[in-house]
Amino acid sequence: MAGRWSGAVLALAGIAVVAMNVALPGLTPPSEVGPVVERSAAEPRPAAAGPRLVKYGQDIPSPEQVAAAAGRYDALPFDGIVMRTPESADIFSPRRVEHGALLRQVSALPAGLRMQDNWVRITLHDELDWSDDALWRTVAANAGTMARALRESGRPYAGIWFDNEWYGEGGSPWDYGTSTRAWTPSDDDGATPGLAPEEATALTRSRGAQVMAAMTGGWPDLKVMVLFGPWVSEPSTYEALTDAGLPYNDISWVNELSGPFFSGMVDRRGQATVIDGGEYYGARSRDEYATFADWQRRGFLLAGSRSVRAAEAQDYRSGVASALAVYDRDQQDDYHVLDADTLGDLTQDALAEATDYVWLYTEEHEWGASRSMKPEVPQEYVDAIAAARRR
């Protein structure tokens, strides 16, 4: 892998940008989030025992639904599943999440579930003002409440599943400016009107640190899976992946601020683990998964990143975990549903290249009992995934 991105780095040297370290006053996370134990940059995260396989999809259950069909879920060939609660869409909002109600929700998960690597999803639906200190105190408190409830439940949760794609209406909090060219400043458009790129980067990064500090205050050693890593914010990703033969739709121009927020979470991770979820569905072989994974873990750093400063690259590579994703549809072929053998092969390829996690995202079938109204998954799909894990 050592020379995979050497050509891309040379080609992109003219546009590579390293973020300035701009301190903004008044953005220190509030004391209510609790203490944060900082990890030394020289201290690597613990090595994983092997990649874990997690189920995610449109058939996402609540903890109560898993409890009601625990045998069915435990029969699935996964190490864990992603669940939702009514509060999942309220974490990043001005609505305060109530601890007692959330604790009751997440405590419904059976303590003796075979799958021990389970997650609760949080999503983005509300427009967010990055400069609103009161709003971000509420967001941070909500995130801390979620982490605390998962820990206090005593149930087999790994942590928080942050699906950081924008699902709301109106302006995305990740969109620096409304231009289709990444990092184009604007006095009155986008998520941070009037701010220069380095100012917007610093502000967004501080909010990521604030939210992560709250999470670790509630659960010091939790895991946070963030589905799009900092590479999604880099214009270099499109050129590098397409030059390597991987299909990719450049979405950096609507996601400039996602990477800095991720880096802010890394800044305040303490003893927690931040995971780049690797939401990329274009790989169709083990070699293609390896190519994407190399860009995800180090290639975008070598090309120059606004989200991860050059001095932080070593700590990032040693301290940030990663995942690879498998999708049950083919984005390059009108989203047709993959057959069971193909889905199993892709899962096997991803597991062979993953270091920490692989997650299977499904839209076509109901794999459990979430009342999604989708057809029940055929046994051949379950068998194909089980075989992929054994190989």
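The structure displayed is predicted, hence computed values, not measured ones.

Further remarks concern the packing of helix α5 (residues 133-153) against helix α6 (residues 197-218). Their axes nearest at 7 Å, the elements α5 and α6 cross at an angle of 30 degrees. Relative to α6, α5 is oriented roughly parallel. As for how α5 packs across α6, the hand of that crossing is right-handed. Here α5 contributes D133, W136, R137, V139, A140, A143, G144, A147, R148 and R151 to the contact with α6, which in turn contributes R207, Q210, V211, A214, M215 and G218.

For the rest of this paragraph, the subject is the nonpolar core. Of all hydrophobic cores here, the largest spans 91 residues; its most connected members are F92, F162 and M215. The greatest single-element share of this core, amounting to eight residues, is contributed by α5. Look past the residues within four positions of M215 in its chain and what remains in contact with it is I122, A143, G144, A147, I160, L222, V224 and M265. With 18 residues, the next largest nonpolar core counts V82, W119, A321 and A325 among its residues.

Mean pLDDT for the protein: 90, with 87% of residues reaching 70 or above. Per-element confidence in the protein ranges from a low mean pLDDT of 43 for helix α1 (residues 6-12) to a high of 99 for strand β5 (residues 223-226).

Below, the discussion takes up the packing of aromatic side chains. Applying the stated criterion to the full structure yields 28 aromatic pairs. Considering the side-chain rings of W119 and Y357, the 5.5 Å spacing of their centres and the 80 degrees angle between planes classify their relative orientation as edge-to-face. Placement of the pair is W119 in strand β3 (residues 118-124) and Y357 in strand β10 (residues 357-362), with a sequence separation of 238 residues. Y357 shares its class with W119; the two are buried. When the ring of F300 is compared with that of Y316, the centres are 5.7 Å apart and the planes differ by 85 degrees; the resulting orientation is edge-to-face. With F300 in helix α9 (residues 286-302) and Y316 in helix α10 (residues 313-319), this pair connects stretches of sequence that are 16 residues apart. Neither F300 nor Y316 differs from the other in exposure class; each is buried. Here a set of aromatic residues connected by ring pairs shows up, and it is made of Y56, W119, W161, Y281, Y327, Y335, Y357, W359 and Y361. Lying across the ring of W183, R306 places its NZ or CZ 4.4 Å from the centre.

Relative orientation of the contacting elements α9 and helix α11 (residues 340-353) amounts to 40 degrees, with a least axis distance of 9 Å. Judged by the angle between their axes, α9 and α11 are oblique. Relative to α11, α9 is oriented so that their crossing is right-handed. The residues of α11 that touch α9, namely those facing R286, Y289, A290 and R297, are L346, D349, A350, A352 and E353. Taken together, the residues of the contact of α9 with α11 break down into five nonpolar, no polar and four charged.

Conventions and cut-offs
- Residues numbered from 1 in each chain as written.
- Predicted model: local features only at pLDDT ≥ 70, side-chain atom pairs only at ≥ 80, totals over all residues.
- Heavy atoms only, no water.
- Axes fitted to C-alpha atoms, helices over the stretch in contact; angles between N-to-C directions.
- Helix = DSSP H or I, 4+ residues; strand = E, 2+ residues; numbered from the N terminus.
- Parallel < 35°, antiparallel > 145°, perpendicular 65-115°, else oblique.
- Left-handed = near helix turned anticlockwise from the far one by under 90°.
- Contact = heavy atoms within 4.5 Å.
- Core = buried A, V, L, I, M, F, W, Y, C linked by side-chain atoms within 4.5 Å.
- Buried < 20%, exposed > 50% of the residue type's maximum accessible area, 1.4 Å probe, protein only.
- pLDDT = per-residue confidence, 0-100.
- Phe/Tyr/Trp six-rings, centres within 6.5 Å; stacked < 30°, edge-to-face > 60°.
- Lys NZ or Arg CZ within 6 Å of the ring centre and 35° of its normal.
- Nonpolar A, V, L, I, M, F, W, Y, C, P; charged D, E, K, R; others polar.

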